[in-house]
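Residue-level listing of the chains:
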Amino acid sequence: MKLLSVVIPCYNSEAYMRYCIESLLPGGESVELLIVNDGSSDNTALIADEYAKKYPSIIRAIHQENGGHGEAVNAGIRHATGLYLKVVDSDDWVDTRAYLKILHQLQEFTAENQTIDMLISNFVYEKEGAKYKKVMKYENVLPIGEVFTWDDIVPFRKGQYLLMHSLIYRTQLLRDCGLELPKHTFYVDNLFVYVPLNYVKTMYYMNVEFYRYYIGREDQSVQEKIMIKRIDQQIKVNKLMIDTIPLSTIKNPNLRQYLFHHLEIVTVVSAILLIRSGTAENIQKKKDLWNYIKEKDSELYHDIRYGMMGHLMNLPGRFGRSISVGAYKISQKLVGFN
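The following paragraphs examine the structure supplied in this document. (Residues numbered from 1 in each chain as written. Predicted model: local features only at pLDDT ≥ 70, side-chain atom pairs only at ≥ 80, totals over all residues. Heavy atoms only, no water.)

### Considerations on the nonpolar core
Ranked by internal contacts, the top residues of the largest apolar core, which has 113 residues, are L33, I120, Y138, F192 and L197. For this core, the element with the most residues is helix α9 (residues 253-277), which contributes twelve residues. Apart from residues lying up to four places away in sequence, Y138 is in contact with I120, S121, N122, F123, F156, Q160, Y161, L162, L163, S166 and Y205. (Core = buried A, V, L, I, M, F, W, Y, C linked by side-chain atoms within 4.5 Å. Buried < 20%, exposed > 50% of the residue type's maximum accessible area, 1.4 Å probe, protein only. Helix = DSSP H or I, 4+ residues; strand = E, 2+ residues; numbered from the N terminus. Contact = heavy atoms within 4.5 Å.)

### Re the pairing of strand β9 (residues 167-170)
What you see with β9 is no split at all: L167 and Y169 on one side and I168 and R170 on the other are buried throughout. With two bridges connecting them, strand β4 (residues 84-87) and β9 associate as antiparallel partners. The partner of Y84 across the bridge, within β9, is R170. Across three bridges, strand β6 (residues 118-127) lies against β9 in antiparallel orientation. The partner of M118 across the bridge, within β9, is Y169. (Pairing = 2+ DSSP bridges.)

### Thoughts on the pairing of strand β2 (residues 31-38)
Of all eight residues making up β2, eight are buried, and the element is well covered by its neighbours. The side-chain alternation of β2 yields two buried faces, one formed by V31, L33, I35 and N37 and the other by E32, L34, V36 and D38. Where strand β1 (residues 4-10) lies against β2, seven bridges are found, and the strand directions are parallel. Note on β2: the bridge partner recorded for V6 is L33. Running through helix α1 (residues 17-24), the crossover from β1 to the neighbouring parallel element β2 is right-handed. Following the backbone out of β2, through helix α2 (residues 44-54) and into the adjacent parallel strand β3 (residues 59-64), one traces a crossover that is right-handed. (Right-handed = clockwise from strand over helix to strand, strands pointing away.)

### Concerning helix α11 (residues 298-305)
Of the residues making up α11, those classed as buried are L300, Y301, I304 and R305. What you see down the axis of α11 is that its buried residues fit within an arc of 115 degrees, all on one side. Among the exposed residues of α11, those oriented more than 90 degrees off its buried face are S298 and E299. With a side-chain oxygen lying 3.2 Å from the backbone nitrogen of E299, the N-terminal cap of α11 falls on D297. (Arc of directions from axis to C-beta. Polar contact = N/O pair within 3.5 Å; in protein donor to acceptor, adjacent residues only side chain to side chain.)

### Notes on the packing of aromatic side chains
Scanning the entire structure with this criterion turns up 15 aromatic pairs. Measuring from centroid to centroid gives 6.3 Å for F123 and Y213, while their planes differ by 70 degrees, and the two rings are edge-to-face. You can see F123 sitting in strand β6 and its partner Y213 sitting in strand β10 (residues 203-215), a full 90 residues away along the chain. The pair formed by F123 and Y213 is uniform in burial state, with each residue classed as buried. Among the aromatic side chains, those forming a connected cluster through ring pairs are Y138, F156, Y205 and Y258. A cation over a ring is seen here: K239 above Y292, with NZ or CZ 4.7 Å from the ring centre. (Phe/Tyr/Trp six-rings, centres within 6.5 Å; stacked < 30°, edge-to-face > 60°. Lys NZ or Arg CZ within 6 Å of the ring centre and 35° of its normal.)

### Topic: helix α3 (residues 69-79)
Counting buried positions along α3 gives eight out of eleven residues, so the element sits mostly inside the fold. By the burial criterion, the buried members of α3 are G70, E71, A72, V73, N74, A75, G76 and I77. Buried-residue contacts for α3 involve β1, β2, β3, β4, α5 (171-176) and α6 (189-194).

### So, the pattern of salt bridges
This structure, assessed with the given rule, holds eleven salt bridges. A salt bridge links R60 to E32; its shortest N-O distance comes to 3.1 Å. One end of the pair, R60, is in strand β3; the other, E32, is in strand β2, and 28 residues separate them in sequence. By sharing partners, the salt bridges in this structure join E126, K133 and R212 into a single network. (Salt bridge = Lys/Arg side-chain N within 4 Å of Asp/Glu carboxyl O.)

### Quick word on the packing of helix α10 (residues 280-296) against α11
In contact at an axis separation of 5 Å, α10 and α11 are set at 135 degrees when each is read in the N-to-C sense. Taken together, the axes of α10 and α11 are oblique relative to one another. Contacts between α10 and α11 pair W290, I293, K294 and K296 from the former with S298, L300, Y301, I304 and R305 from the latter. Class assignment of the residues belonging to the contact of α10 with α11 gives a composition of five nonpolar, one polar and three charged. (Axes fitted to C-alpha atoms, helices over the stretch in contact; angles between N-to-C directions. Parallel < 35°, antiparallel > 145°, perpendicular 65-115°, else oblique. Nonpolar A, V, L, I, M, F, W, Y, C, P; charged D, E, K, R; others polar.)

### Points about the side chain of N74
Residue placement: N74 occurs in helix α3. The buried category is assigned to N74, whose relative accessible area is 2%. For N74, the side chain forms a polar contact with the main-chain oxygen of L181, separated by 2.8 Å. Beyond its immediate chain neighbours, meaning those up to four positions away, N74 contacts E180 and L181.

### Section: the packing of helix α8 (residues 231-244) against α9
Axis separation between α8 and α9 bottoms out at 10 Å; the angle between their running directions is 155 degrees. As summarised for this structure, α8 and α9 are arranged roughly antiparallel, according to the angle between their axes. The two elements α8 and α9 meet at a crossing, and its hand is left-handed. Across the interface between the two elements, I231, Q234, I235, N238, M241 and I242 from α8 touch H262, L263, V266, T267, V269, S270, L273 and L274 from α9. A breakdown of the residues in the contact of α8 with α9 according to their chemical character gives nine nonpolar, five polar and no charged. (Left-handed = near helix turned anticlockwise from the far one by under 90°.)

Distances and angles like these do not, on their own, reveal function.
So this is what it looks like as structure tokens:
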């Protein structure tokens with residue numbers, strides 16, 4: 001069994017996938033790289049096969065019909081043989097020193113016949129043209145360098161949350177929790193983070209800047225204009241998060257608080273994008289989303305709608321919406337996200 005499986009979803013990634021793959025090769029024989037070619041029409045498949053041929057004991061190329069990012073991750077989970085699993089998008093990369101430190105720690109767990117459910121590390125927003133690169137850290141909310149549980153964490157601050165980039169899961173946990181990401185849907189990384197958390201019992205946090213999250217391509221799914229264009233997929237993921245884990249069933253208060261925190265952020269993003277679009281149709285979709293939450297879980301609705309961010313996203317009239325957008329723009333500059 002490999003120590004770590006790294007799933008690399010690729011769709012028309014010929015321009016940047018090599019850099020991603022090369023950054024992961026220093027893991028050597030303890031790692032398997034699963035390059036999932038998701039029905040690309042460029043040279044992605046050829047590059048994947050080239051690397052698989054060159055490094056047959058490390059790299060496997062998986063070819064499938066186009067199913068979207070989520071289905072590429074699903075395929076990676078199905079084929080993984082590693083004890084742990086990490087997803088690295090093909091336009092991102094990892095820091096070598098942090099990578100080797102993480103592998104060393106995972107090897108130590110194995111040597112001690114110990115497993116953890118989730119390893120957390122920091123990630124860097126590699127935003128094109130930005131002088132200051134925002135680092136998402138967790139040293140203020142998670143114990144450093146020790147195995148811990150949900151009982152040991154403290155509340156996350158606004159704008160601080162776990163992303164797919166932060167996490168390495170135990171592979172079998174992903175299978176046991178029944179994670180199946182929807183096909184042909186963007187923004188499913190929120191489900192990848194959110195759904196397994198109720199199954200996570202033991203965690204370990206390493207305060208290293210491991211994952212480099214590139215933001216800058218004009219066709220990138222997280223570009224605001226593209227997110228507005230695909231707003232129905234964002235809403236779909238938002239609703240799936242609500243449906244999949246009823247927060248009232250979560251017994252641990254710290255886990256429940258984190259899940260609420262993450263769901264609140266995703267809902268606020270949905271709301272602000274609907275406002276930013278400026279169309280009457282999307283303003284109605286915003287109302288429909290709030291009604292959906294209210295019908296599904298009135299307590300959840302009350303907590304989100306009448307929290308600080310919920311109030312800010314629901315100021316009345318055009319002037320109110322302009323204030324909401326202004327607050328969002330400030331958050332963009334402070335956090336560094338798109």
